[in-house]
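# Report on the structure
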Amino acid sequence: MGDTKAAKLPRKAYESELLRLQTELVRLQEWVRATGARLVVVFEGRDAAGKGGTIKRVTEHLNPRVARIAALPKPTERERTQWYFQRYVEQLPAAGEIVLFDRSWYNRAGVEHVMGFCTKEEYQRFLRQCPIFERMLVEDGILLRKYWFSVSDAVQQERFRRRLEDPLRRWKLSPMDLESITHWEAYSRAKDEMMVHTDISEAPWYVVESDDKRRARLNMIAHLLDSVPYHEVSPPVLELPERPPSTGYERPPRDLQTYVPDHAAGL
């Protein structure tokens, strides 16, 4: 996109194209299910870069039994003693499944490294092992896509401010998120180092410019669709059957059941 800031995408154009792309995502889902493909999509980037909103748009019309989100909490004491990648391996898809990682094993290259939650030895081991781990996934047939959502410091600050003032989005902010403001350059250096070691030909990184959330969502989804060699799968032929005649069943009296109060009636 260069250094020139693009104008914000109009809502009407955004919603029209989003619906078209979401229709294609359903076709992709049906191809994954029919062919037994395994698709992993990694969403990484700074806090408030737009990862969560994009994931919501990706999954909005998908079957949660086929496409699921993996957003792991901090590791337990037991998990801390395991091989670092172990708990992420448990989340990988079986045949006919899609897994979207809302943050992933790259926590070690970012927040854990910057905030001192891992040792230097653990961090260096991650940088050595991660490319090997991802090559193993790809060699085994997993379709691995990695997206880094890039947001400017000014836009991140504004999004934090809006979240702080919005009771519906206040939960998205944590003390760790706010502390990341004071570690902006440290996170930048960590991202650059991560890219050097893990931007491999078998599983390259794709950077999504996300100062404009609408553009970011469309660009990411369009790229994902273009990168997977899916095709339309003919759905099974379904016909609505005729309802059979009544055999005399009668519903029990309404006063024998407890109904939810009609809150909507008072609006």
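Since the model is a prediction, treat every value here as computed from it, not as a measurement. (Residues numbered from 1 in each chain as written. Predicted model: local features only at pLDDT ≥ 70, side-chain atom pairs only at ≥ 80, totals over all residues. Heavy atoms only, no water.)

## Details of the side chain of R87
Stated formally: Here a helix means four or more residues in a row that DSSP labels H or I, a strand means two or more in a row labelled E, and each is numbered from the N terminus. In the analysis that follows, any N or O atom pair within 3.5 Å is treated as a polar contact, provided that within protein one partner can donate a hydrogen and the other can accept it, and provided that, for residues neighboring in sequence, both atoms belong to side chains. We call two residues in contact when some of their heavy atoms are within 4.5 Å.
By the element assignment, R87 lies in helix α4 (residues 86-89). In this structure the side chain of R87 is engaged in a polar contact, spanning 2.8 Å, whose partner is the backbone oxygen of P73. The residues touching R87, leaving out its near neighbours within four places in the chain, are L72, P73, K74, P75, E79 and Q82.

## Here we look at the sheet that holds strand β3 (residues 97-102)
So the rule is basically this: Strand pairing is assigned whenever DSSP detects at least two bridges linking the two strands. Angles shown run from 0 to 180 degrees and are taken between the N-to-C directions of axes, each axis being a line fitted to C-alpha atoms and, for helices, limited to the stretch in contact.
Strand order in the open sheet formed by 5 strands is β2-β3-β1-β4-β5, and the pairing between neighbours is parallel. Both edges of this open sheet fall to β2 (67-70) and β5 (205-209), since each of them pairs with a single strand only. Taking the axes of each pair of neighbouring strands and ignoring which way they run, one obtains an average angle of 20° across the sheet. Examined bridge by bridge, strand β4 (residues 143-150) and β5 share 5 bridges and lie parallel to one another.

## Let's talk about unusual backbone geometry
Definition in use: Buried means the residue's accessible area, taken with a 1.4 Å probe over protein chains only, is under 20% of the maximum for its type, while exposed means over 50%, and partly exposed covers the values in between.
Although it is not a glycine, A48 sits at a positive phi angle of roughly 65°. Following the sequence through the fold, A48 ends up in the loop between β1 (38-45) and α2 (51-59). Overall, the relative accessible area of 6% leaves A48 in the buried class.

## A look at the pattern of salt bridges
Selection rule: A pairing counts as a salt bridge when a side-chain nitrogen of Lys or Arg comes within 4 Å of a carboxyl oxygen of Asp or Glu.
What the rule picks out here adds up to 20 salt bridges. One salt bridge in this structure joins E79 and R87, with 3.6 Å as the shortest N-O distance. Residue E79 is classed as partly exposed on the basis of its relative accessible area, which comes to 24%. Look at R87 and you get buried, because its relative accessible area is 9%. Put simply, E134 and K146 hold a salt bridge, and the shortest N to O gap is 2.7 Å. With a gap of 12 residues between them, E134 in helix α6 (residues 120-139) and K146 in strand β4 connect regions that are remote in the sequence. Each member of the pair, E134 as well as K146, carries the same accessibility label: buried. Overlapping salt bridges, with partners in common, bring together E158, R161, R162 and E165 in one network.

## Some points on empty space enclosed by the protein
For clarity, the threshold we go by: The pocket and cavity definitions rest on a 1 Å grid over protein atoms only: a 1.4 Å probe that fits but cannot leave marks a cavity, an open set with protein on both sides within 12 Å along at least five of seven lines marks a pocket, and residues lining either have an atom within 4 Å of a point. Grid points are joined across faces, edges and corners, and a volume is the space filled by probe spheres set on the points. Only Asp, Glu, Lys and Arg are considered charged, only Ala, Val, Leu, Ile, Met, Phe, Trp, Tyr, Cys and Pro nonpolar, and every remaining residue, Gly among them, polar.
For the coordinates displayed, the defined rule picks out 2 cavities of 30 Å³ or more. A total of 3 residues in the lining of the largest cavity trace back to one element, the largest contributor, which is helix α1 (residues 11-35). Within the lining of the largest cavity, the residues separate by chemical class into 9 nonpolar, 1 polar and no charged. In this structure, the second largest cavity occupies an estimated 30 Å³ of space. Along the walls of the second largest cavity sit A70, A71, L72, Y88, D102, R103, S104 and N107, which together make up its complete lining.

## A few points about the packing of aromatic side chains
Quick note on the threshold: Here a Phe, Tyr or Trp ring, Trp counted by its six-membered ring, pairs with any other such ring whose centre lies within 6.5 Å, and the pair is stacked when the planes are under 30 degrees apart, edge-to-face when over 60, and tilted otherwise. Counting as a charge over the ring demands two things of the Lys NZ or Arg CZ atom: a distance within 6 Å of the ring centre and an angle within 35 degrees of the ring normal.
Counted according to the given criterion, the structure contains 17 aromatic pairs. Between F43 and F149 the ring centres are 5.9 Å apart and the planes differ by 25°, which places this aromatic pair in the stacked class. Here F43, found in strand β1, pairs with F149, found in strand β4; they are 106 residues apart in sequence, far enough to count as distant. Summarising the burial analysis for this pair, F43 and F149 share the class buried. Between the aromatic rings of W105 and Y106, the centroid separation amounts to 6.3 Å while the plane-to-plane angle is 35°, which identifies the pairing as tilted. Accessibility assignment for this pair places W105 and Y106 in one class, buried. Here the aromatic residues W83, Y84, F85, Y88, F101, W105, Y106, F126, F133, W148 and W205 are joined through ring pairs into a cluster of three or more. The side chain of R46 reaches across the aromatic face of W184, ending 3.5 Å from its centre. One cation-aromatic arrangement involves R254 over Y259; the distance from NZ or CZ to the ring centre is 4.3 Å.

## Here's the deal with the UniProt feature "domain: Polyphosphate kinase-2-related" (unreviewed entry) in the chain
Note the cut-off: UniProt positions are given in the numbering used here, feature names are shortened, and annotations may be inferred rather than shown by experiment.
Taken from the UniProt record, the annotation "domain: Polyphosphate kinase-2-related" (unreviewed entry) applies to residues 10-233. Within the segment residues 10-233, helix and strand shares are 51% and 14% respectively, and the terminal C-alpha atoms sit 33 Å apart.

## Focus: the nonpolar core
Selection criterion: Definition used in this section: a nonpolar core is a set of buried Ala, Val, Leu, Ile, Met, Phe, Trp, Tyr and Cys residues joined via side-chain atoms within 4.5 Å.
Within the largest apolar cluster, 33 residues are counted, with the highest numbers of intra-cluster contacts made by L28 and M220. Elements with a contribution of two residues or more to this core: α1, β1, α2, β3, β4 and α10 (213-227). The greatest single-element share of this core, amounting to 7 residues, is contributed by α1. Not counting residues within four places of it along the chain, the set of residues in contact with M220 comprises V41, F43, T54, V58, Y147, F149 and V208.

## A short note on α1
Short version of the rule: Residue count minus one, scaled by 1.5 Å, sets the expected span of a helix.
The terminal C-alpha atoms of α1, which comprises 25 residues, lie 35 Å apart, in line with the 36 Å expected from a rise of 1.5 Å per residue. Of all the positions in α1, only Y14, L18, L21, Q22, E24, L25, L28, Q29, W31 and V32 are classed as buried. Next to the buried residues of α1 lie β1, α2, β3, β4 and α10. Just beyond α1, the residue with positive phi is G36, at close to 75°.

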